[in-house]
Amino acid sequence: AQSVTQPDIHITVSEGASLELRCNYSYGATPYLFWYVQSPGQGLQLLLKYFSGDTLVQGIKGFEAEFKRSQSSFNLRKPSVHWSDAAEYFCAVGGRDDKIIFGKGTRLHILP
Amino acid sequence: NAGVTQTPKFQVLKTGQSMTLQCAQDMNHEYMSWYRQDPGMGLRLIHYSVGAGITDQGEVPNGYNVSRSTTEDFPLRLLSAAPSQTSVYFCASSYGRGNSGANVLTFGAGSRLTVL
């Protein structure tokens, strides 16, 4: 069955520190993988996506993610977080001509 | 270019009432879907459609009906509202066929529904 696990419900990091948000997926074929961000009271914005090719993908706002097929993971990273990165982050998995399923999200808190 | 338009933005219902959440997109997207968002539960897929005349169930379809008579519209119907359906509902669409832009969802602004 298609599913996404985000093991961390909340993460707190200090401004300027590095960040890694974990995402594990289950999908029976070649996955399409996504990270979306939702700021408080806002809609969802695509940060980055993986469809094929280079397993390290770059996104907006300085984020990147690495697809590791052997670990069924697609972790999101940023080398130095800013206070404006405080938001909720969602990992999602889908496939060619298939539905897209989201994880439960990780809420990121930034300490000044 | 309006993107994905959801109406209404806010709605309060009494238990047992029916209503329809409207979703329209003007991007000629084949794929459309409805999600509900609840605290701690992320976004859960209710129903989706890969093209006009085709719909399928998602993760939490019970209590909801959909139809897709045109490419542009994908309404979500609550036939007999229950308090458990209190949530924020998002409609999303995408090109939906396996090209480089496929499956990148464009979301509507959301509809907040309260069932008393």
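First, a word on what this report is: a plain description of the structure on this page. (Residues numbered from 1 in each chain as written. Chains lettered and ligands numbered in written order. Predicted model: local features only at pLDDT ≥ 70, side-chain atom pairs only at ≥ 80, totals over all residues. Heavy atoms only, no water.)

What follows concerns the state of the cysteines. Residues and elements named next belong to chain A. Taken as a whole and judged by the stated rule, the model has 2 disulfides over all chains. Residue pairing for Cys 23: its cysteine sulfur links by disulfide to Cys 91, the two sulfurs lying 1.9 Å apart. Handedness here is read from the sign of the S-S torsion; for Cys 23 and Cys 91, about -65 degrees, the answer is left-handed. Taken together, the positions of Cys 23 in the loop between strand E3 (19–21) and strand E4 (24–26) and Cys 91 in strand E10 (residues 87–94) put the pair 68 residues apart, joining distant regions of the chain. (Disulfide = S-S within 2.5 Å. Helix = DSSP H or I, 4+ residues; strand = E, 2+ residues; numbered from the N terminus.)

Each pair of aromatic rings is reported with the distance of its centres and the angle of its planes. Inspection of the entire model under this criterion finds 15 aromatic pairs over all chains. Between Phe 102 of chain A and Phe 107 of chain B, the ring centres sit 6.1 Å apart and the planes meet at 70 degrees, which makes this aromatic pair edge-to-face. Placement of the pair is Phe 102 of chain A in strand E11 (residues 101–102) and Phe 107 of chain B in strand E10 (residues 106–107), with the two residues belonging to separate chains. The class of Phe 102 of chain A is buried, set by a relative accessible area of 5%. Phe 107 of chain B gets classed as buried once you look at its relative accessible area, which sits at 11%. Residues Tyr 64 of chain B and Tyr 89 of chain B carry aromatic rings whose centres are separated by 5.9 Å and whose planes lie at 65 degrees to one another, so their mutual orientation is edge-to-face. Remark: Tyr 89 of chain B occurs in strand E9 (residues 87–94) and Tyr 64 of chain B occurs in strand E7 (residues 64–66); sequence separation between them is 25 residues. With a relative accessible area of 0%, Tyr 89 of chain B lands in the buried category. An aromatic cluster of at least three residues, connected via ring pairs, comprises Tyr 32, Phe 34, Tyr 36, Phe 51 and Phe 102 of chain A together with Tyr 35, Phe 90 and Phe 107 of chain B. (Phe/Tyr/Trp six-rings, centres within 6.5 Å; stacked < 30°, edge-to-face > 60°. Buried < 20%, exposed > 50% of the residue type's maximum accessible area, 1.4 Å probe, protein only.)

Another aspect to go through is the interface of chain A and chain B. The interface is formed by 21 residues belonging to chain A together with 22 residues belonging to chain B. In this assembly, chain A packs against chain B so that about 1800 Å² is buried in total across both faces, 59% of it on carbon and sulfur atoms. At the surface where chain A touches chain B, the tally comes to 0 salt bridges. Linking chain A to chain B there are 4 residue pairs in polar contact (both at pLDDT 80 or more). (Contact = heavy atoms within 4.5 Å. Buried area = accessible area lost by both parts, 1.4 Å probe. Salt bridge = Lys/Arg side-chain N within 4 Å of Asp/Glu carboxyl O. Polar contact = N/O pair within 3.5 Å; in protein donor to acceptor, adjacent residues only side chain to side chain.)

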